[in-house]
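Observations on the three-dimensional arrangement
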Protein chains: 2
Amino acid sequence: MAIRPAEQLIHKAAWLYYAHGLRQDQVASQLNISRASVAMYLRKARETGIVNISTSTQLFTDDVLARKLEDALSLDAVWIAPENDHIADPSTEIAVLAASVFLELVKKGDRIGVAWGRTVYMIADIMSYADLQDVTVVQLCGNLGAPYSYRPDQCTMEIARRLNAKGLNFYAPLVLSTEELARALRAEPVIREQLSGVGECDLALYSVGAVDADSHLVKCGALTSGEMAELRSRGAAGVIAGQIIDADGKVLDCSYNRRVISAELASLRAIARRLMVVQEDSKFEPLLAAIAGGLCTHLVVGARMAQRLLDHAGATTEKAS
Amino acid sequence: MAIRPAEQLIHKAAWLYYAHGLRQDQVASQLNISRASVAMYLRKARETGIVNISTSTQLFTDDVLARKLEDALSLDAVWIAPENDHIADPSTEIAVLAASVFLELVKKGDRIGVAWGRTVYMIADIMSYADLQDVTVVQLCGNLGAPYSYRPDQCTMEIARRLNAKGLNFYAPLVLSTEELARALRAEPVIREQLSGVGECDLALYSVGAVDADSHLVKCGALTSGEMAELRSRGAAGVIAGQIIDADGKVLDCSYNRRVISAELASLRAIARRLMVVQEDSKFEPLLAAIAGGLCTHLVVGARMAQRLLDHAGATTEKAS
DNA sequence: GGCCTGGTTTGACTTTTGTCGAAGGCCGTG
DNA sequence: CACGGCCTTCGACAAAAGTCAAACCAGGCC
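Now for a look at the structure at hand. Source: prediction; values computed, not measured. (Residues numbered from 1 in each chain as written. Chains lettered and ligands numbered in written order. Predicted model: local features only at pLDDT ≥ 70, side-chain atom pairs only at ≥ 80, totals over all residues. Heavy atoms only, no water.)

Glancing now at the overall build of chain A. Within chain A one finds 16 helices and 10 strands. Relative to its length of 321 residues, chain A is compact, with a C-alpha radius of gyration of 22 Å against a globular reference of 20 Å. Dimensions along the principal axes, computed over C-alpha positions, put chain A at roughly 70 × 50 × 30 Å. Out of the 321 residues in chain A, the part that is buried amounts to 54%. Restricting to contacts in chain A with at least 6 residues of sequence separation, those with at least 24 account for 69%. Accessible area of chain A: about 13,900 Å², with a carbon and sulfur share of 51%. (Helix = DSSP H or I, 4+ residues; strand = E, 2+ residues; numbered from the N terminus. Rg over C-alpha atoms; globule rule 2.2 N^0.38 Å. Buried < 20%, exposed > 50% of the residue type's maximum accessible area, 1.4 Å probe, protein only. Contact = heavy atoms within 4.5 Å. Areas by Shrake-Rupley, 256 points an atom, 1.4 Å probe, with all protein chains shown as cover.)

Printed below as a string of C-alpha cells:
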C-alpha cells in the first residue's frame, strides 16, 4: 500500500524532530507548515508508534528481591512492581510495568501467543503503540462469547493493533458441551492449524486464573460455581489459557478440560519466552501451580506477591534439606 | 554492581514521566525533589539510554527507488537519504539515518562486528545511547595507530559505550611490514580467537574505502600513493575492513593483503546482517565491488548514489539480455 | 578545623510546546 | 453548483519544559 501524503509528512516531521533534534518551529519552516501542525503530527507519530519512546525496566529487575526470586524459582527474569506507600493503584502499576516488559521482549519477526483475561486486556489497553512490521499475534485458546469486553479475540486483536502486527484469531468456542464435539472441532483443519502453530511462537503473554466463583469460567457460564467447587476439591489449582491445572501445573483430568479448545500445555512450554503477569494477591496458589508446571520463564508481579513466593520457596527448600 | 542511589532516582523519574505520563512537577512532588532536578534527571536518562526514543526509518525504505534497488541488487533492505534542495549536509543526513537503521537492526544478545573509517566513526558519534545489556561489539580489523581520531579501536569502543555493551578490541597493527610476521601474529591465540569470533557475529557495520591517494591507508602511511596507484592498476577496486578487494569483491592477490591482520571476507559474509553505509558519491566503484562480493545485505546511501547504482544495474542486465 | 573541589540542587527566568476555537480548504452529495 | 461534513491549518494563549547562576552539600586534603 502506498503511503498517503499525510503520513509522509508525519514521518518527516518525526524524523526532523526526534532524529535530528530540531525544534518544532524549525521543523515547521522546513516543511512549510505551521508549528501547530507540527505539534499535531508529532502527537500522531507517537500515537501510531512511528516514534517509539520506551523506558528501560531494569529498575524493577535489579531489585534484590527480584534476583532472589529468579534463583529460587529458576526463572529467566522477574520484574517486581513496588506496592508501598504512595503508589495509587498497584494493579495498574503492574499492568504498566508488564506492558513495558512485554514491548521489551518482543522482537521483529516474532510470533506471539496471547491468552485471555482481565489482566491481559488491561495490559493491551495500557500498552503504547509500536511499529513492528512482521509480527504475528495468535490467539491461544477458543472464545468465550460473553458480556465481557476482554474476550480472547479482543485481547489478540487489540495487541495486534497496538503493535501494527497481524492478528490471527480463531473463532471456536473455548468450551463445548460434549467431549466428542470438542474432539471433532480440534480435528478441523482451520483449528488444528491454529493450534499447531502455537508451538512455533517465540513469545507468550498470559496470566493465570483462580479456581473460585469469581473466575471468568464461572462468570461466563462455562462452569457453575458448584462444578468449580467440585473441581477444586479434586485438585484444581488454577486456569491457564482456559484449561484447569492442578498444583503441579499439569492438566487436570476432568470432563471440562476435555471439552476445551485451547493450546496444549506442552506447546505452551515449547515457547521460548513465556511472560506471566499476575495482578491479584489472591492468585498465589494458581501462580505456584503455573510455575510448578514450568509455564512461565518471565514473571511480572507485585511486591507483596513476590515476597510470598520467596517465603514459600524458602520454606519448601528448608523442609527438603 | 549495585545501582547508585542517584541512578535509582533517574530510573524512577524516567519511569514516572515516560511510562506513566506524569508531568515533571508531578514527578517532582512524588520524589520530593525540585522540578529542575527532574528535568536534569530526564536529560540524563535520555543521554544514557535509560529511555529510548527512536523513530521508524520506514520513510526511507518505502521509497520506490529503494525497493527497485533491493530487487536489482538483491539486498535485504535499502535506505535512501534524500539529497534534494534544502538538506543542509547530505553526508550528515546519511550518517544520522545510518545510526537509526543500525539501532533498529541491533537485537539483544547480538554480537556486532565493527570496522573502521570516517563514516563509521561519524555514525558512532551521532548515534543515540541505548541500554542493550548483553551485546558485544567486536573489532573487525587491526589498528592503524595514526593521527586520526577514528581508529578501529575508537570506533569499536565508542559504539560499545553508546550501546552500553561490551567492547572487544584487539591491539594488533592493521598491517605489518612482512608477510611472515603477519602470519605469525595471526597464529597468536589472542588474535586468532578474536578473528575466529567474527564469524559468530550477528550484525556487521562498515563502509567501503576508495583506492586513491585520499584513502586512509595512504594517509596513515600503510601504503604510499605510488603503491596504491600500482594496486589500482592491478585491479584494486575498494577497501573493506582494511583489505583491498577487486571489482568482483574478492581479496586482491597482493603483498599488502597478505600483511594485513583483519577478518577474512568469508567470515564477514557469514554474518547474517551486514550493514554497509556509504556517504561519498566518489565511492561508486568501491561500493559496486563490495556488493558484487556479497559483502552487504543492508545498505544506506544517498539519493544520487542510489540512482547511479540503479542505472548501472539496469545497464548491465540490459546488456546481458 | 578550615578550605577547597566537584558534583547536586534550587528558584527564577526564558524558551519551547500543547491546545483551542475559528477559519480555511476538499470532496462527495443533493 | 451550492451545501454540509470532515479534516487540516492557523494564530494566540496557557502550560510545560529547559536553562543558568547561585547556593548548597559532602568528602578529601592541608
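To continue, consider the packing of aromatic side chains. Any pair of aromatic rings gets described here by the distance separating the centres and the angle formed by the planes. Considering all chains together, one arrives at four aromatic pairs over all chains under this definition. A centroid spacing of 4.7 Å and a plane angle of 65° characterise the contact between Trp15(A) and Phe60(B), whose relative ring orientation is edge-to-face. Note that Trp15(A) is positioned in helix H1 (residues 5-19) and Phe60(B) in helix H4 (residues 58-61), a pairing that runs across two chains. The residues Trp15(A) and Phe60(B) share a single accessibility class, namely buried. A centroid spacing of 4.8 Å and a plane angle of 85° characterise the contact between Tyr17(A) and Tyr18(A), whose relative ring orientation is edge-to-face. Here the guanidinium or amino end of Arg308(A) rests over the ring plane of Phe284(A), the centre of that ring lying 4.2 Å away. (Phe/Tyr/Trp six-rings, centres within 6.5 Å; stacked < 30°, edge-to-face > 60°. Lys NZ or Arg CZ within 6 Å of the ring centre and 35° of its normal.)

Moving on to the packing of helix H7 (residues 118-126) of chain B against helix H8 (residues 152-163) of chain B. All names here are of chain B. The geometry of H7 relative to H8 is characterised by a closest axis approach of 9 Å and an angle of 20° between their N-to-C directions. In this view, H7 runs roughly parallel relative to H8, as classed from their interaxial angle. Here the hand of the crossing between H7 and H8 comes out left-handed. For the pair H7 and H8, contact is made by Val120, Tyr121, Ala124, Asp125 and Ile126 and by Gln154, Cys155, Glu158, Ile159 and Arg162, respectively. Per-class residue counts for the contact of H7 with H8 are six nonpolar, one polar and three charged. (Axes fitted to C-alpha atoms, helices over the stretch in contact; angles between N-to-C directions. Parallel < 35°, antiparallel > 145°, perpendicular 65-115°, else oblique. Left-handed = near helix turned anticlockwise from the far one by under 90°. Nonpolar A, V, L, I, M, F, W, Y, C, P; charged D, E, K, R; others polar.)

What follows deals with the protein's contact with DNA strand C. The environment of DNA strand C is formed by 15 residues, the closest being Arg23(A), Gln24(A), Arg35(A), Ser34(B) and Tyr41(B). Within the side chain of Arg35(A), an N or O atom sits 2.7 Å from a base nitrogen of DNA strand C. In this structure, Ser34(B) approaches DNA strand C through a main-chain N or O atom, which is 2.7 Å from a phosphate oxygen. At the level of elements, helix H3 (35-48) of chain A together with helix H3 (35-48) of chain B are the ones that each hand at least two residues to the surface near DNA strand C. Looking at side-chain class alone, the surface near DNA strand C contains seven nonpolar, three polar and five charged residues. (Near = heavy atom within 4 Å. Polar contact = N/O pair within 3.5 Å; in protein donor to acceptor, adjacent residues only side chain to side chain.)

Time to look at the sheet that holds strand S9 (residues 273-277) of chain A. All names here are of chain A. Sheet architecture is open: seven strands sit in the order S2-S10-S9-S6-S3-S4-S5, paired in parallel fashion. Each of the sheet's edge strands pairs with one partner strand only, and the pair in question is strand S2 (77-81) and strand S5 (166-168). Across the sheet, the mean angle separating the axes of adjacent strands is 20° when strand polarity is ignored. Sheet analysis places S2 next to strand S10 (residues 298-302), joined by five bridges and oriented parallel. Its bridge partner lying in S10, Ile80 is registered against Val301. (Pairing = 2+ DSSP bridges.)

Attention shifts here to the protein's contact with DNA strand D. Within the structure, DNA strand D sits among 15 residues, and Ser34(A), Tyr41(A), Tyr17(B), Arg23(B) and Gln24(B) are positioned closest to it. Near the protein, meaning within 4 Å, the atoms of DNA strand D are sugar or phosphate in a fraction of 71%, with bases accounting for the rest. Here a phosphate oxygen of DNA strand D sits 2.7 Å away from a polar atom, N or O, in the side chain of Tyr17(B). Gln24(B) places a side-chain nitrogen or oxygen 2.7 Å from a phosphate oxygen of DNA strand D. For the surface near DNA strand D, the secondary-structure elements that each account for two or more residues are H3 of chain A together with H3 of chain B. Looking at side-chain class alone, the surface near DNA strand D contains seven nonpolar, three polar and five charged residues.

For the rest of this paragraph, the subject is unusual backbone geometry. The backbone of Ser74(A) sits at a positive phi, close to 45°, despite the residue not being glycine. Along the polypeptide, Ser74(A) turns up in the loop between helix H5 (64-73) and S2. Judged by its relative accessible area of 62%, Ser74(A) is exposed. Phi is positive for Asn164(B), close to 65°, though the residue is something other than glycine. By the secondary structure assignment, Asn164(B) is in the loop between H8 and strand S5 (166-168). Using a relative accessible area of 41% as the deciding quantity, one classes Asn164(B) as partly exposed.

Turning next to the interface of chain B and chain A. Facing 32 residues of chain B, the contacting portion of chain A comprises 32 residues. Summing both sides of the interface, chain B and chain A together bury roughly 2,900 Å²; the carbon and sulfur share of this comes to 60%. When the buried surface of chain B facing chain A is broken down by residue, Trp15(B), Thr55(B) and Leu59(B) rank first, second and third, together holding 23% of it. Linking chain B to chain A there are two salt bridges. One can count eight residue pairs in polar contact (both at pLDDT 80 or more) joining chain B with chain A. (Buried area = accessible area lost by both parts, 1.4 Å probe. Salt bridge = Lys/Arg side-chain N within 4 Å of Asp/Glu carboxyl O.)

Moving on to the sheet that holds strand S9 (residues 273-277) of chain B. All names here are of chain B. Across the sheet, seven strands lie side by side as S2-S10-S9-S6-S3-S4-S5; this open sheet has parallel pairing. Of all the strands in the sheet, the pair left with one neighbour each is strand S2 (77-81) and S5. Each adjacent strand pair in this sheet contributes to an overall mean axis angle of 20°, direction not counted.

Right, let's talk about the relation of the copies chain B and chain A for a bit. Relative to chain A, chain B is turned by 180° and slid 0.0 Å along the rotation axis, the superposed coordinates differing by an RMSD of 0.1 Å. Both chain copies can therefore be described as sitting about a two-fold axis. Taking C-alpha positions as the reference, the residue of chain B nearest the rotation axis is Ile53(B), at 2.2 Å. An overlap of 100% is found between the interface residues of chain B and their copies at the interface of chain A, pointing to a shared contact surface. (Least-squares fit on C-alpha atoms with pLDDT ≥ 70 in both.)

In this section: the environment of Asp153(B). Residues and elements named next belong to chain B. Its place among the elements puts Asp153 in helix H8. Considering only alpha carbons, one finds Asp153 and Val211, 58 residues apart in sequence, at a separation of 22 Å. Look past the residues within four positions of Asp153 in its chain and what remains in contact with it is Gln139, Asn143, Asn169 and Tyr171.

Side-chain pairing between opposite charges can occur once the charged atoms of the two side chains come close. All names here are of chain A. Here the structure, examined in full by the defined rule, presents 30 salt bridges over all chains. The salt bridge partner of Asp25 is Arg23, with a shortest N-O separation of 3.1 Å. Residue classification places Asp25 among the partly exposed positions, given a relative accessible area of 36%. A cluster of three or more residues bridged by salt bridges with shared partners is formed by Asp125, Glu158, Arg161 and Arg162.

Our focus in this paragraph is helix H15 (residues 284-292) of chain B. Residue and element names in this part refer to chain B. Counting buried positions along H15 gives seven out of nine residues, so the element sits mostly inside the fold. If you check which residues of H15 are buried, you get Phe284, Pro286, Leu287, Leu288, Ala289, Ala290 and Ile291. Note on H15: the residue one or two positions beyond its end, Gly294, has a positive phi of about 65°.

Worth remembering: the numbers are spatial, not functional.
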